[in-house]
Amino acid sequence: MLNADLVSVPEEPIQGVDVRSREKSGQRFAAVWRKRILVVDDDTNVLGVTSKILSFLGYEVVAGRNGIEGLALFGKGPCDFVLTDLNMPAMDGLTLAHHIKTEDPFVQVVLMTGNLAAEKNLSTQIREGVIDEFLFKPVRLADLRGMLQRLSAPLDCPRKAMG
């Protein structure tokens, strides 16, 4: 079941929030669904800061410390985005992306890395549909916000129903 709250309709769109309005007895109401992002990184500082920034931007954040934990969290409920580190112990970000895209091809998967040499390989992974975007660390707020806006704009697919 999706968590929705009825609120007054905002004047300007809020990033990370899907607002669906309706009229009732001359009053305007909106059901608000916060977009859900799974963030996976073995660096607890990066995980904490990224999660706080995304929460501030209006997203519901679920955080995992490695690929195995991230995959387990993904299996517990639908996500609109997955933001994962590339190099992690136990399961790397590309392996996690493969599993997630196999489970739900509509989820937007973004890899983060501090390895500038990985750009060519990551561009190939985008062309092959394994990931949707990549960001270099340290990730700047403007880059993160812009990337999420780009990925949200062209495709508005419904999330997989929770079972």
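Residues numbered from 1 in each chain as written. Predicted model: local features only at pLDDT ≥ 70, side-chain atom pairs only at ≥ 80, totals over all residues. Heavy atoms only, no water.

Caption draft 1: Unusual backbone geometry, seen in detail. In this model, Lys137 is joined to Pro138 through a cis peptide bond whose omega is -5°. As for its position among the elements, Pro138 is in the loop between β8 (133-136) and α5 (141-152). Unlike most non-glycine residues, Ala90 shows phi in positive territory, near 75°. (Helix = DSSP H or I, 4+ residues; strand = E, 2+ residues; numbered from the N terminus.)

Caption draft 2: A look at the packing of aromatic side chains. A full pass over the atoms with the stated rule returns 2 aromatic pairs. Here the aromatic rings of Tyr59 and Phe81 are separated by 6.3 Å at their centres, their planes lie at 80°, and the arrangement is edge-to-face. Of this pair, Tyr59 sits in the loop between α1 (44-56) and β5 (60-64) while Phe81 sits in strand β6 (residues 81-85); the two residues are 22 residues apart in sequence, bridging distant segments of the chain. Phe81 shares its class with Tyr59; the two are buried. Taken together, a centroid distance of 5.5 Å and an interplanar angle of 80° make the contact between Phe134 and Phe136 edge-to-face. Overall, Phe136 belongs to the partly exposed group, its relative accessible area being 25%. (Phe/Tyr/Trp six-rings, centres within 6.5 Å; stacked < 30°, edge-to-face > 60°. Buried < 20%, exposed > 50% of the residue type's maximum accessible area, 1.4 Å probe, protein only.)

Caption draft 3: Molecular detail of the sheet that holds β8. Pairing is parallel in the open sheet, where 5 strands are placed in the order β5-β4-β6-β7-β8. At either margin of the open sheet sits one strand with a lone partner, and together these are β5 and β8. Along the sheet, successive strands turn relative to each other by an average axial angle of 20°, direction set aside. (Pairing = 2+ DSSP bridges. Axes fitted to C-alpha atoms, helices over the stretch in contact; angles between N-to-C directions.)

Caption draft 4: Structural detail: the environment of Ala97. You can see Ala97 is positioned in helix α3 (residues 93-103). In this view, Ala97 contacts Val109, Val130 and Ile131; residues no more than four positions away in its chain are not counted. (Contact = heavy atoms within 4.5 Å.)

Caption draft 5: Up close: the nonpolar core. If you look at the biggest cluster of nonpolar residues, it comprises 22 residues, and the most contacted ones within it are Leu38, Phe74, Val82, Ile100, Val109, Leu111 and Ile131. Going through the elements one at a time, β4 (36-40), α2 (67-76), α3 and β7 (108-113) are the ones with two or more residues in this core. Of all the elements, α3 adds the most residues to this core, at 4 residues. Beyond its immediate stretch of four places on either side in the chain, Ile100 contacts Leu71, Phe74, Val82, Val107 and Val109. Counting residues in hydrophobic clusters, the runner-up holds 15 residues, among them Leu83, Leu135, Leu148 and Leu151. (Core = buried A, V, L, I, M, F, W, Y, C linked by side-chain atoms within 4.5 Å.)

Caption draft 6: Spatial organisation of the pairing of β7. With 6 of its 6 residues buried, β7 lies for the most part within the structure. Both β6 and β7 contribute to a ladder of 5 bridges, which runs parallel. Counterpart to Leu83 in the pairing with β7 is Val110. Chirality of the crossover, the property in question, places the unit of β6, α3 and β7 among those that are right-handed. Strand direction decides the pairing type here: β7 and β8, joined by 4 bridges, are parallel. (Right-handed = clockwise from strand over helix to strand, strands pointing away.)

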